Amino acid sequence: LIRRNTEMREFDRSEQLARAGIQWTESEPEHFSPEARAKMLLAYADIAFARPEYPRARALYGRIAAAKEFEGTRSKIGAEFQIAAVDRVTRHYAEATKRLEKLMERDDPDVRTEGHYQMALVLYDQQQYVASLEQLERVFVNNATHPDARILEGKVNLQIKRLERA
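> Even after reading the chapter, I still don't get the overall build of the chain, so can you show me in this structure?
Looking only at helices and strands, the chain has nine helices and zero strands in total. Traced from its N-terminal end to its C-terminal end, the chain shows the element sequence α-α-α-α-α-α-α-α-α. When its C-alpha atoms are laid out on the principal axes, the chain stretches across 60 × 35 × 30 Å. Counting every position in the chain, which comprises 166 residues, the buried fraction comes to 45%. Within the chain, residue pairs in contact and separated by at least 24 positions form 50% of the contacts whose partners lie at least 6 positions apart. Accessible surface, the chain as shown: approximately 9,800 Å² in total, 50% of it carbon and sulfur. Taking the average place of the 27 positive charges on the side chains of the chain and the average place of its 27 negative ones, the gap between the two points comes to 3 Å.

> So what exactly am I meant to see when it comes to the packing of helix 7 (residues 109-125) against helix 8 (residues 129-142) here?
Two numbers describe a pair of packed helices, the interaxial angle and the distance between the axes. Orientation of helix 7 relative to helix 8, taken along the N-to-C sense of each, is 160°, at an axis distance of 8 Å. What the angle tells us is that helix 7 and helix 8 run roughly antiparallel. The element helix 7 and its partner helix 8 pack so that their crossing is left-handed. On helix 8, the residues touching Pro109, Thr113, His116, Tyr117, Met119, Ala120, Leu123 and Tyr124 of helix 7 are Tyr129, Ala131, Ser132, Gln135, Leu136, Arg138, Val139 and Asn142. Considering only residue class, the contact of helix 7 with helix 8 consists of 10 nonpolar, five polar and one charged.

> How should the packing of helix 2 (residues 11-27) against helix 3 (residues 34-50) be read in this particular structure?
Here helix 2 crosses helix 3 at 155°, and the two axes come no closer than 9 Å. When the axes of helix 2 and helix 3 are compared, the pair comes out roughly antiparallel. Between helix 2 and helix 3 lies a crossing whose hand is left-handed. Contact residues: Phe11, Ser14, Glu15, Ala18, Arg19, Gly21, Ile22 and Thr25 in helix 2; Arg37, Met40, Leu41, Tyr44, Ile47 and Ala50 in helix 3. The class makeup of the residues in the contact of helix 2 with helix 3 is eight nonpolar, three polar and three charged.

> Looking at this structure, how should I read the nonpolar core?
Note on soluble globular proteins: their nonpolar side chains tend to be buried together. Core analysis: the biggest nonpolar cluster contains 23 residues, and Ile2, Tyr44, Ile47, Tyr61, Ile64, Phe70 and Ala79 have the highest contact counts within it. Those elements giving two or more residues to this core turn out to be helix 2, helix 3, helix 4 (54-66) and helix 5 (74-89). Beyond its immediate stretch of four places on either side in the chain, Ile47 contacts Ile2, Thr6, Phe11, Ser14, Glu15 and Ala18.

> Even after reading the chapter, I still don't get the side chain of Thr25, so can you show me in this structure?
Counting through the fold element by element, Thr25 comes out in helix 2. Engagement of the side chain of Thr25 in a polar contact is seen with the backbone oxygen of Ile22, the distance being 3.0 Å. Those residues in contact with Thr25, other than ones at most four positions away along the chain, are Phe32 and Arg37.

> What should I look at first to understand the packing of aromatic side chains in this one?
Where two aromatic rings form a pair, the distance of their centres and the angle of their planes describe that pair. One pass over the full model with this rule turns up three aromatic pairs. Each ring, one from Trp24 and one from Phe32, has its centre 4.9 Å from the other, and the planes form 80°; the classification is edge-to-face. In this structure Phe32 comes out as buried when scored by relative accessible area, which is 18%. Across from the ring centre of Phe140, 3.6 Å away, lies the NZ or CZ of Arg150, which sits over that ring.

The rules behind the values
Just so you know, the residues in each chain are numbered from 1, in the order the chain's sequence is written. In view of the model being predicted, local features appear only for residues whose pLDDT reaches at least 70, and side-chain atom pairs are presented and counted only at 80 or more, with totals across whole chains, interfaces and linings using the full set of residues. By convention in this description, side-chain values take in all heavy atoms of the structure and omit both hydrogens and water. Starting at the N terminus, helices and strands are each numbered in turn, a helix being any DSSP run of H or I of at least four residues and a strand any DSSP run of E of at least two. For every residue, the accessible area (1.4 Å probe, protein chains only) is compared with the maximum for its type, and the residue is labelled buried under 20%, exposed over 50%, or partly exposed between those bounds. Any two residues whose heavy atoms approach within 4.5 Å at even a single point are treated as in contact. Here the open area of atoms and residues is found with the Shrake-Rupley method and a 1.4 Å probe, where only the protein chains shown may cover a residue. Just so you know, the count uses Lys and Arg for positive and Asp and Glu for negative, and it drops His and the chain ends. For charged residues, the charge sits on one atom: NZ in Lys, CZ in Arg, CG in Asp, CD in Glu. Between N-to-C directions, angles cover 0 to 180 degrees, with each direction set by a line fitted to C-alpha atoms, over the stretch in contact for helices. Orientation is classified from the angle alone, with under 35 degrees giving roughly parallel, over 145 giving roughly antiparallel, 65 to 115 giving roughly perpendicular, and any other angle giving oblique. By definition, any crossing whose near helix is turned counterclockwise from its far helix by less than a right angle is left-handed, and any crossing with a clockwise turn is right-handed. Put simply, Ala, Val, Leu, Ile, Met, Phe, Trp, Tyr, Cys and Pro go in the nonpolar bin, Asp, Glu, Lys and Arg in the charged bin, and everything else, Gly too, in the polar bin. Buried Ala, Val, Leu, Ile, Met, Phe, Trp, Tyr and Cys residues form a nonpolar core when they are joined through side-chain atoms within 4.5 Å. Pairs of N or O atoms are called polar contacts if they sit within 3.5 Å, as long as, within protein, a hydrogen donor faces a hydrogen acceptor (for residues adjacent in sequence, only side-chain-to-side-chain pairs). Two aromatic rings from Phe, Tyr or Trp, using only the six-membered ring of Trp, form a pair when their centres are within 6.5 Å; if the ring planes differ by under 30 degrees the pair is stacked, by over 60 it is edge-to-face, and anything between is tilted. Only lysine NZ and arginine CZ atoms are considered, and such an atom sits over a ring when it is within 6 Å of the ring centre and within 35 degrees of the ring normal.

Following this line, the structure appears as structure tokens:
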């Protein structure tokens, strides 16, 4: 519900729901797994990212990524990817690249796949289209139908064709 309201740009409603959820999970932590608590915080941080309040979003994602209680959760990894996304959209490419390279060292093939996709986005934003395509090829090795990667592949190919015509 929080994510849906965020997607619909109903930020006040999203934030209200997220705050209520966070209060609930924090008031009765024994009833919620670390993953559930981290997901609630991640949804709250996503609101700031969508607004776009990038410094606030980065700080909220950083809180999840740094918390020992979320060690080993998918949401912690998601927060790491979102920090890289904030760095990318704020044009802090070196920081985004460093974080993504660290994530791609993990043994989890899904994390590596997402890392390659996110790296392709960083390279695309820097107009390094051939390098972006190389990262996308690594995505397709593990997930041939990754929809966002296929869309980005089309965008990259259009940019390459435009450069060839110039």
